[in-house]
Amino acid sequence: MFRTTWKTVYEGHVIELVNRPWLERLLVDGKEVDRATGATWEPRSFHATVPNGNGSISLDANTHFSKSPRGLRFSVSVDGKEIYSEVKWPPRWYIAVAAACLMLLSLVVRLVS
């Protein structure tokens, strides 16, 4: 419930970012290649070199807060070319929104009565 996952496939490699409270992990083919700690809304950059047949591919992944549409944007570039970009709203953020709505509702009820 408290994690958000982005997942894409590129040339047979499964690229996945797992966003948990205070930790983001970049996984390629089920193996962790990079991680970053800190607040969810802070921008992050992940870099990895993944073996691919006879050579290797350079993988760059980034997360940052997006204003339009609102949420966290995760984008993946391979050898400088963007292959994936998606915005998600982490489910745990709904807890804060629900709490703020409840406080506002209780304030309105007190003012009305």
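So, here's what we can say about the structure. (Residues numbered from 1 in each chain as written. Predicted model: local features only at pLDDT ≥ 70, side-chain atom pairs only at ≥ 80, totals over all residues. Heavy atoms only, no water.)

1. A closer look at the overall build of the chain
- From N to C terminus, the chain includes 1 helix and 8 strands.
- The order of α-helices and β-strands along the chain, N terminus first, is β-β-β-β-β-β-β-β-α.
- Each of the three principal axes of the chain carries a C-alpha extent, and together these read 75 × 25 × 20 Å.
- In the chain, which comprises 113 residues, the share counted as buried stands at 34%.
- Within the chain, residue pairs in contact and separated by at least 24 positions form 25% of the contacts whose partners lie at least 6 positions apart.
- Within the structure as shown, the chain displays about 7,200 Å² of accessible surface, and the carbon and sulfur contribution to it stands at 58%.
- Averaging the positions of the 14 positive and the 11 negative side-chain charges in the chain gives two centres separated by 10 Å. (Helix = DSSP H or I, 4+ residues; strand = E, 2+ residues; numbered from the N terminus. Buried < 20%, exposed > 50% of the residue type's maximum accessible area, 1.4 Å probe, protein only. Contact = heavy atoms within 4.5 Å. Areas by Shrake-Rupley, 256 points an atom, 1.4 Å probe, with all protein chains shown as cover. Lys, Arg positive; Asp, Glu negative; His and termini not counted. Charge placed at Lys NZ, Arg CZ, Asp CG, Glu CD.)

2. A short note on the side chain of Glu24
- Mapped onto the fold, Glu24 is located in strand β3 (residues 23-28).
- Residue classification places Glu24 among the buried positions, given a relative accessible area of 1%.
- In this structure the side chain of Glu24 is engaged in a polar contact, spanning 3.2 Å, whose partner is the side chain of Thr63.
- Those residues in contact with Glu24 that sit more than four places away from it in its chain are Leu17, Val18, Asn19, Asp34, Arg35, Ala36, Thr40, Arg44, Phe46 and Thr63. (Polar contact = N/O pair within 3.5 Å; in protein donor to acceptor, adjacent residues only side chain to side chain.)

3. A look at the sheet that holds strand β8 (residues 81-88)
- Taken together, the 4 strands give an open sheet; going across it, the order is β5-β6-β7-β8, and neighbouring strands pair in antiparallel fashion. The strands lining the two open edges of the sheet, one partner per strand, are β5 (44-52) and β8. Across the sheet, the mean angle separating the axes of adjacent strands is 20 degrees when strand polarity is ignored.
- Pairing of strand β6 (residues 55-67) with strand β7 (residues 70-78), which is carried by 9 bridges, proceeds in the antiparallel orientation. (Pairing = 2+ DSSP bridges. Axes fitted to C-alpha atoms, helices over the stretch in contact; angles between N-to-C directions.)

4. Thoughts on unusual backbone geometry
- Ser68 connects to Pro69 through a cis peptide bond whose omega is -5 degrees.
- Position of Pro69 among the secondary structure elements: in the loop between β6 and β7.
- Even without glycine at this site, Trp22 takes up a positive phi of about 70 degrees.
- Locating Trp22 in the fold gives a position in the loop between β2 (13-20) and β3.

5. Observations concerning the sheet that holds strand β1 (residues 4-10)
- Strand order across the open sheet formed by 4 strands is β1-β2-β3-β4, with antiparallel pairing between neighbours. This sheet does not close on itself; its edge strands, each paired only once, are β1 and β4 (31-37). With direction set aside, neighbouring strand axes in the sheet form an average angle of 15 degrees.

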